[in-house]
Amino acid sequence: TEVPESTNPILATFSALPSHLRTHLGPLLSERLNEVELTDEARTAINAITRSGTRTSETELASARLELDGTRGEDARSTLSELSTGTSETAAAALLELLKDAEARDMPPNPVWVDDVPTLVRALEGTDVAAALNVAGLRGLIALGRFDQFRSDVAKDTPGVTPLVRRDLALHALQ
């Protein structure tokens, strides 16, 4: 991904869009900016939506992702936990963020989150988020010390589990 020298023209054009387009495109723009470590610009994109009073589950997810490492990390985790209920892609993305955040902080994930993974993976099979969530759920089983379940689940042909991923997960479990 190529990072622009200045995001000012992008953000100005985005802010000039009609409200319904900003609501729809804002979370995607924010995610893309955040991926290339333009966190302030990602916040600007979300703020352009929320200033109008519009809040969707996608804007909540994008905002929570931005706040995880900040001073409002606990609020972000609470928001992600609320968003993770359901069977939508947003719920799966929120659950994925919770699992990744727990791993990044070297904390075991909430067992309920790990138990919810297979249901969401089945509901969203064929999507990128389902594959990533499935692998994160397997890593969560390792973190929780649920090795019997891990051995059983990693052997199954499920989204995101390729021979290479299977090997990497097995090495992670041995560590």
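Parameters and conventions
- Residues numbered from 1 in each chain as written.
- Predicted model: local features only at pLDDT ≥ 70, side-chain atom pairs only at ≥ 80, totals over all residues.
- Heavy atoms only, no water.
- Helix = DSSP H or I, 4+ residues; strand = E, 2+ residues; numbered from the N terminus.
- Buried < 20%, exposed > 50% of the residue type's maximum accessible area, 1.4 Å probe, protein only.
- Contact = heavy atoms within 4.5 Å.
- Areas by Shrake-Rupley, 256 points an atom, 1.4 Å probe, with all protein chains shown as cover.
- pLDDT = per-residue confidence, 0-100.

K.L.:
Mind showing me how you'd approach the overall build of the protein here?
P.N.:
Along its length, the protein carries ten helices and zero strands. Going from the N terminus to the C terminus, the protein shows its helices and strands as α-α-α-α-α-α-α-α-α-α. C-alpha extents for the protein along the principal axes are approximately 55 × 30 × 30 Å. Going through the 175 residues of the protein one by one, you find that 38% of them count as buried. Considering only intrachain contacts with a sequence separation of at least 6, the fraction spanning at least 24 residues in the protein is 53%. Carbon and sulfur atoms make up 51% of the accessible area of the protein, which totals about 9,900 Å².

K.L.:
Got a minute to help me understand unusual backbone geometry in this structure?
P.N.:
With the exception of glycine, the majority of residues adopt a negative phi angle, and the majority of peptide bonds are in the trans configuration. The backbone of Glu-37 sits at a positive phi, close to 60°, despite the residue not being glycine. The topology assignment puts Glu-37 in the loop between α2 (19-35) and α3 (39-50). For Asp-106, which is not a glycine, the phi torsion comes out positive at approximately 55°. Along the chain, Asp-106 falls in the loop between α6 (89-104) and α7 (111-123).

K.L.:
Teacher, can you tell me more about the confidence of the model for the protein here?
P.N.:
Reading fine detail from the predicted coordinates is not recommended where pLDDT is low. Taken as a whole, the protein shows an average pLDDT of 89; of its residues, 98% reach a score of 70 or greater. Per-element confidence in the protein ranges from a low mean pLDDT of 79 for α3 to a high of 96 for helix α8 (residues 128-143).

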